[in-house]
Amino acid sequence: MTIRAVVWNEFIHEQNNDTVKDIYPDGIHSEIARAIADDEISVETATLQEDEHGLPQSRLDETDVLLWWGHKAHGDVSDHVVDRVQQRVAEGMGLIILHSGHFSKIFKRMMGTPCSLRWREAGERERLWVINPSHPITQGLGKTIELPHSEMYGEPFLVPEPMETLFVSWYEGGEVFRSGLTYQRGAGRIFYFSPGHETYPIYKDPAIQTVLRNAVRWAYNPAKPWKDVSEAPNVPYDKAPEPLEPKGASLHKRGEAGYR
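Some words on the packing of aromatic side chains
Within a pair of aromatic rings, the relevant descriptors are the distance that separates the centres and the angle that separates the planes. By the definition in use, this model includes eight aromatic pairs. Ring geometry for Phe-107 and Tyr-192: centres 5.4 Å apart, planes at 25°, overall stacked. Taken together, the residues span a long stretch of sequence, with Phe-107 in helix H6 (residues 105-111) and Tyr-192 in strand E9 (residues 188-193) at a distance of 85 residues. By relative accessible area, which is 0% here, Tyr-192 ends up buried. Taken together, a centroid distance of 5.4 Å and an interplanar angle of 55° make the contact between Phe-167 and Phe-193 tilted. Of this pair, Phe-167 sits in strand E7 (residues 164-171) while Phe-193 sits in strand E9, placing them 26 residues apart in sequence.

Next comes the structure, spelled out in structure tokens:
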């Protein structure tokens, strides 16, 4: 079994901010790709600047898990590409949203909420508490992950109630945040993981890398893609599982598509 992962990154800060460039000279996407690649995970990268943002339909069809990092240019992402990603998640592709990707079009689309939160850049300490040590994503970790410098993300976090909360972060300034959340949309699994502010070398941390590798494996769905997941067919009365005679008036003719 080989899990085919793609790491998507808007790739802007690394090109125009010297601090970020020094930490991630090849881009955040390259750092994450190196961190998660192993004998079971093959990794490619894609960026905002590429044609179709590096995510044409043919590539998404061959992707098992998509990791998404964005911050400055959420609005520059094409709605057509977001539509494709949403469909593939519904079909069974895994989606891992990282850090400021909480405001990405695709995450807000999948959540159906503002995905807003409180934040502060002060280089403060972050302690991620592992609150579900039996979950596949938390394997290989201790009771906590300690980051010496991080951006504060604070509650309330305007997202739907998750399937599972795996991490809760505490910050030096006193705030707390649900920093690792799982969801299911259609046949696709989604994991949101908040650490990853670009001015700190968070994706170089071995524990963070362990979480990402585990998350890719957890999000992988080996089943055949559910290609007709978004269809809403009109099932004629004579095709019902039990004998049926129509009663009353109908808005639609036999076999006619519904309103969408």
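Okay, back to it.
A closer look at the sheet that holds strand E1 (residues 3-9)
Taken in spatial order, the nine strands of this open sheet run E2-E1-E3-E4-E9-E8-E7-E5-E6, and their pairing is mixed. Single-partner strands in this sheet number two, and they are strand E2 (41-47) and strand E6 (144-154). Ignoring strand direction, the axes of neighbouring strands in this sheet form an average angle of 25°. Bridge analysis of strand E4 (residues 94-98) against E9 gives four bridges, and the strand direction is parallel. By the bridge assignment for E9, Leu-95 is matched with Ile-190. Against the sheet, helix H3 (residues 28-36) contacts E1, E2, strand E3 (65-69) and E4, and its axis sits at roughly 160° relative to E1. Here helix H7 (residues 206-219) sits on the sheet in contact with E1, E2, E3, E4, E6, E7, strand E8 (176-185) and E9, set at roughly 165° to E9.

Conventions adopted
Residues numbered from 1 in each chain as written. Predicted model: local features only at pLDDT ≥ 70, side-chain atom pairs only at ≥ 80, totals over all residues. Heavy atoms only, no water. Phe/Tyr/Trp six-rings, centres within 6.5 Å; stacked < 30°, edge-to-face > 60°. Helix = DSSP H or I, 4+ residues; strand = E, 2+ residues; numbered from the N terminus. Buried < 20%, exposed > 50% of the residue type's maximum accessible area, 1.4 Å probe, protein only. Pairing = 2+ DSSP bridges. Axes fitted to C-alpha atoms, helices over the stretch in contact; angles between N-to-C directions. Contact = heavy atoms within 4.5 Å.

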